[in-house]
Amino acid sequence: MKIRDDDLAAVMECDPSVTDKEEAIEFHMGLHVVSMYRESHELWLQGKKEEALRINYECHSKCGADIHPGATIGNSFFIDHATGIVIGETTIIGDHVMIYQGVTLGGVSTSKGKRHPTIGNNVVIGTGAIVLGNITIGNNVRIGAGSVVLKDIPDDSTVVGVPGEIVKHKGVSMRNELDHSDLPDPVKDEIESLKKEIQELKEKLSGLKGSGGCR
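Residues numbered from 1 in each chain as written. Predicted model: local features only at pLDDT ≥ 70, side-chain atom pairs only at ≥ 80, totals over all residues. Heavy atoms only, no water.

### Things to note about the nonpolar core
In this structure, Phe77 and Ile137 are the most contacted members of the largest nonpolar core, which totals 36 residues. Going through the elements one at a time, α3 (29–45) and α4 (49–63) are the ones with two or more residues in this core. In terms of residue count, α3 provides more of this core than any other element does, six residues in total. In terms of nonpolar packing, the next biggest core, distinct from the first, is built from twelve residues, Cys14, Ala24, Leu31 and Met98 among them. (Core = buried A, V, L, I, M, F, W, Y, C linked by side-chain atoms within 4.5 Å. Buried < 20%, exposed > 50% of the residue type's maximum accessible area, 1.4 Å probe, protein only. Helix = DSSP H or I, 4+ residues; strand = E, 2+ residues; numbered from the N terminus.)

Here it is in structure tokens:
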């Protein structure tokens, strides 16, 4: 198994649990999955599809990840853990992308054309997120854990929810913001707003009763 320097560097930068390069090379499951994909993709491009699919099958059996050899993935690709990762054949992924366990980059069509997502540079996709169809996720995008994304997302956005909703769009890089527990919750925010409005109405009603204005 040949490990690329940029993928190893991504592990050292992004995974604080790894103590040194030797540990990463020996035991980091996400790095192993990326390296096996790289090998299978090279064979796929050479037309050696059976050999490529055999490596993909081995990776799925050993690591629980299924990255199709036909997918196109850029430099410094980081996977934190590997279990449950699914990346479809026509997926395109840019540079410095981080994904977490249980992520699916899947298709919604049985056509032979482009049917999987295109992911930009510096994107973070949280645990259990699902991105479906021939859609484009822009650069510097964060997709919250458990989100389901079904439409294009512009650069510099944060997306959460089912279906995914843009909750932040400031036009700034979010490369190192990995705390998925600190993502905005639009449903919670709406409930809090309604609770506040109800409380204000109760106070107004109480004031009317006290002044004799409401009998």
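### What about the packing of α3 against α4?
Between α3 and α4, whose axes approach to 7 Å, the crossing angle comes to 165°. Considering the angle they form, α3 stands roughly antiparallel to α4. Remark: the crossing between α3 and α4 carries left-handed chirality. Together, Met29, Val33, Met36, Glu39, Ser40, Leu43 and Trp44 of α3 and Lys49, Glu51, Ala52, Leu53, Ile55, Glu58, Cys59 and Cys63 of α4 make up the contact between the two elements. A class-by-class count of the residues in the contact of α3 with α4 yields ten nonpolar, one polar and four charged. (Axes fitted to C-alpha atoms, helices over the stretch in contact; angles between N-to-C directions. Parallel < 35°, antiparallel > 145°, perpendicular 65-115°, else oblique. Left-handed = near helix turned anticlockwise from the far one by under 90°. Contact = heavy atoms within 4.5 Å. Nonpolar A, V, L, I, M, F, W, Y, C, P; charged D, E, K, R; others polar.)

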